[in-house]
Amino acid sequence: MDIFEAMKKRHSVRRYVDKKIEDSIANELLAYIEECNQKSGMHIQLCLDEPNAFDSFMAHYGSFKNVKNYIAIVGKKGKDFEEQCGYWGEKVVLKATQLGLNTCWVALTFSKGKTVYQVEKGEKLCCVIALGYGETQGVPHKNKPMESLCKTDRPMPEWFKRGMEAALLAPTSLNQQKFFFTLEGNTVTAKAGLGFYTKLDLGIVKAHFEMGAQDAAWQWNH
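Below is a summary of the structure that appears in this document. Please read these numbers as outputs of a predicted model, since none were measured by experiment.

Secondary structure summary: the protein contains 6 helices and 8 strands in total. Each helix and strand of the protein, placed in order from N terminus to C terminus, yields the pattern α-α-β-α-β-α-β-β-β-α-β-β-α-β. Taking 2.2 N^0.38 as the reference for a compact globule, 222 residues should give roughly 17 Å; the C-alpha atoms of the protein span a radius of gyration of 17 Å, in line with that estimate. Dimensions of the protein, computed from C-alpha atoms along their principal axes, come out at roughly 50 × 40 × 35 Å. A buried classification covers 50% of the 222 residues belonging to the protein. Intrachain contacts of the protein at a sequence separation of at least 6 include 77% that bridge at least 24 residues.

Shown next as structure tokens:
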């Protein structure tokens, strides 16, 4: 499936069937993670056949079932840490979707003391992403109207509309969609609203926007 199909198909899934991820799929996902790490300086890690991280009260409270694989989003501490984690983590999520896997971003409901990821000096764990074959494919989240999440200095160009359509498909914490995009000339500004994990969400949303608006002549306002 192409990247837009992956965005449309991917929904949060908390309950998984007890099925091992095939080696060929795991290896392809791992190769992609390593490629992302090389480009970004992140330390994202694939943790397979390791059920202990979700074997806790918080995991049961979060309605997770049979989570035996996850992706640990680890990166260097710094000003853009959360945004970078969201941006690169979502790229991995969409790759996993293209490989036929289901996912769920998880910030609070896993057991940090039981995980097997590594955190080097100067790094920090941001969150994990549950991974596997879902009991279901999940359900789409509700969207705010596009016009409430962006502003343009002229009639909306087609590429910007595609970018916003992709951004609306992005997962956000509690489905809050607390982000806002502005277009001036060929420069796009994306800002996070107030609330929990909005900087992480901003990274996820910016990854989606980029993929939707690809091949057009525009730039981020950094």
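Turning our eyes to something else, we now look at the packing of aromatic side chains. This model, assessed by the stated rule, comprises 10 aromatic pairs. Where W159 meets F160, the ring centres are 5.8 Å apart and the plane angle is 80°; that geometry is what we call edge-to-face. Comparing W159 with F160, the two get one shared label, buried. Grouping aromatic residues by their ring pairs yields a cluster made of W159, F160, F179, F181, F209, W218 and W220. Above the plane of the ring of W220 lies K206, whose end atom (NZ or CZ) is 4.8 Å from the centre.

With 54 residues, the main nonpolar core has L29, I73, F160, M164, F181, V188 and F209 as its most contacted residues. Residue contributions to this core peak at 8 residues, all from helix α4 (residues 81-98). Once you skip the residues sitting within four places of it in the chain, F181 turns out to touch L149, C150, K151, F160, M164, A167, V188, T189, A190, V205, F209 and W220.

An order of β5-β6-β7-β8 is seen for the 4 strands of this open sheet, with the pairing classed as mixed. For this open sheet the edge positions go to β5 (150-152) and β8 (219-220), each flanked by a neighbour on one side alone. Lying over the sheet, helix α5 (residues 158-168) contacts β5, β6 (179-184) and β7 (187-192), oriented at roughly 170° with respect to β6. Most of the contacts of helix α6 (residues 198-212) go to β7, to which it runs at about 150°, and overall it touches β6, β7 and β8.

When you line up the elements, S63 lands in the loop between α3 (57-61) and β2 (69-76). A residue is classified by how much of its surface remains accessible, and S63, at 40% relative accessible area, is partly exposed. Not counting chain neighbours up to four residues away, the residues in contact with S63 comprise R14 and R15.

Let us look at the packing of helix α2 (residues 23-40) against α4. Where α2 contacts α4, the axes come no closer than 10 Å and their chain directions differ by 160°. With respect to α4, the element α2 is oriented roughly antiparallel. Relative to α4, α2 is oriented so that their crossing is right-handed. Here E28, L29, Y32, I33, C36, K39 and S40 of α2 lie close against α4, whose contacting residues are W88, K91, V92, K95 and A96. The residue inventory of the contact of α2 with α4, partitioned by class, reads 7 nonpolar, 1 polar and 4 charged.

With that settled, the discussion passes to the layout of surface pockets. In this structure, the second largest pocket encloses a volume near 450 Å³. D80, E83, Q84, L202 and K206 are, among the 20 residues lining the second largest pocket, the residues nearest its centre. In terms of residue count, the dominant contributor to the lining of the second largest pocket is α4 (6 residues). Split by residue class, the lining of the second largest pocket holds 8 nonpolar, 4 polar and 8 charged.

What counts and how
Residues numbered from 1 in each chain as written. Predicted model: local features only at pLDDT ≥ 70, side-chain atom pairs only at ≥ 80, totals over all residues. Heavy atoms only, no water. Helix = DSSP H or I, 4+ residues; strand = E, 2+ residues; numbered from the N terminus. Rg over C-alpha atoms; globule rule 2.2 N^0.38 Å. Buried < 20%, exposed > 50% of the residue type's maximum accessible area, 1.4 Å probe, protein only. Contact = heavy atoms within 4.5 Å. Phe/Tyr/Trp six-rings, centres within 6.5 Å; stacked < 30°, edge-to-face > 60°. Lys NZ or Arg CZ within 6 Å of the ring centre and 35° of its normal. Core = buried A, V, L, I, M, F, W, Y, C linked by side-chain atoms within 4.5 Å. Pairing = 2+ DSSP bridges. Axes fitted to C-alpha atoms, helices over the stretch in contact; angles between N-to-C directions. Parallel < 35°, antiparallel > 145°, perpendicular 65-115°, else oblique. Left-handed = near helix turned anticlockwise from the far one by under 90°. Nonpolar A, V, L, I, M, F, W, Y, C, P; charged D, E, K, R; others polar. 1 Å grid on protein atoms, 1.4 Å probe; cavity = no way out; pocket = protein on both sides within 12 Å on 5 of 7 lines; lining within 4 Å. Points joined across faces, edges and corners; volume = space filled by probe spheres on them.

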